[in-house]
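# Structural overview for review
Next come the chains, spelled out residue by residue.
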Amino acid sequence: MPWFMNTYSICQGNMSVGPLPAGLSKPGQDRAAEATGRCGAYLVFRALGEIGLDPRGATAIVQCFCNVGSVAATIAQQGVKIIGVSDHMAAYF
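Here, residues in each chain are numbered from 1, in the same order as that chain's written sequence. At least 70 in pLDDT is required for a residue's local features to be given in this predicted model, at least 80 for side-chain atom pairs to be given and counted, and no such filter applies to totals for whole chains, interfaces and linings, which use all residues. In computing side-chain properties, one takes all heavy atoms of the structure into account and sets aside hydrogens as well as water.

Secondary structure follows DSSP: runs of H or I at least 4 residues long count as helices, runs of E at least 2 residues long count as strands, and numbering of each begins at the N terminus. Counting secondary structure elements, the chain contains three helices and three strands. Shown N-terminal to C-terminal, the secondary structure of the chain runs as helices and strands in the order α-α-β-α-β-β. Burial statistics for the chain: of 93 residues in total, 20% are counted as buried. Note on areas: these come from Shrake-Rupley sampling with a 1.4 Å probe, and a residue is covered only by the protein chains present in the view. Summed over its atoms, the accessible surface of the chain is roughly 6,700 Å², and 60% of this surface lies on carbon and sulfur atoms. Note on classification: 1.4 Å probe, protein chains only; a residue is buried when its accessible area is under 20% of the maximum for its type, exposed when over 50%, partly exposed between these limits.

This is the structure:
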């Protein structure tokens, strides 16, 4: 997350980041793994929108299919086709 914050801040020309987008965190809950994966998926869709790519025609590989990667893989529910996954033991294409 610090890497995201640093990159975002540089692009915005400052070192402050606004609040998380709506729905990425829930009050009173541990935000660690789920929020990081959801934020990653959110950023993927923002990037797709910026470059004008329809998610329904996109493909993705999820590196590190752990608790964060598996949550980020929910991008498949939006039409992105996942063609590969990996973790510390193996990779599948």
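Looking now at the environment of Lys81. By the secondary structure assignment, Lys81 is in strand β2 (residues 81-86). As a C-alpha pair, Lys81 and Ala60 span 21 residues in sequence and 6.2 Å in three-dimensional space.

Note on pairing: two strands pair once DSSP finds at least 2 bridges between them. Ordered by their spatial adjacency, three strands build an open sheet running β1-β2-β3, and the pairing between neighbours is mixed. Edge positions in the open sheet fall to β1 (59-62) and β3 (91-92), since each of these has one partner strand only. As judged from the four bridges shared by β1 and β2, these two strands associate in the parallel manner. Across the sheet, the residue bridging to Ala60 is Ile82, located in β2.

Attention shifts here to the layout of surface pockets. Note on definitions: the grid is 1 Å and covers protein atoms alone; a cavity is a set of points where a 1.4 Å probe fits but cannot get out; a pocket is an open set with protein on both sides within 12 Å along at least five of seven lines; lining residues have an atom within 4 Å of a point. Grid points are joined across faces, edges and corners, and a volume is the space filled by probe spheres set on the points. Its boundaries defined by the atoms lining it, the second largest pocket holds a volume of some 280 Å³. Taken together, 18 residues make up the lining of the second largest pocket; nearest its centre are Val44, Ile61, Val62, Ala72 and Ile75. Those elements that provide at least two residues to the lining of the second largest pocket are α2 (32-51), β1 and α3 (67-72). In terms of residues, the lining of the second largest pocket owes the most to one element, α2, which gives six residues. Note on residue classes: Ala, Val, Leu, Ile, Met, Phe, Trp, Tyr, Cys and Pro are nonpolar, Asp, Glu, Lys and Arg are charged, and everything else, Gly too, is polar. Each residue belonging to the lining of the second largest pocket can be placed in one class, and the counts come to 12 nonpolar, six polar and no charged.

Looking now at the side chain of Ser86. Along the chain, Ser86 turns up in strand β2. Accessibility expressed as a relative area gives 16% for Ser86, which makes it buried. Every residue pair with non-hydrogen atoms within 4.5 Å of one another is taken to be in contact. Dropping the residues within four chain positions of it, Ser86 is found in contact with Val62, Gln63, Cys64, Phe65 and Ala91.

Of note, Cys64 is situated in the loop between β1 and α3. Along the sequence, Cys64 and Met89 sit 25 residues apart, while their C-alpha atoms lie 9.5 Å from each other. Not counting the four nearest positions on each side in its chain, Cys64 is found in contact with Gly69, Ser86 and Asp87.

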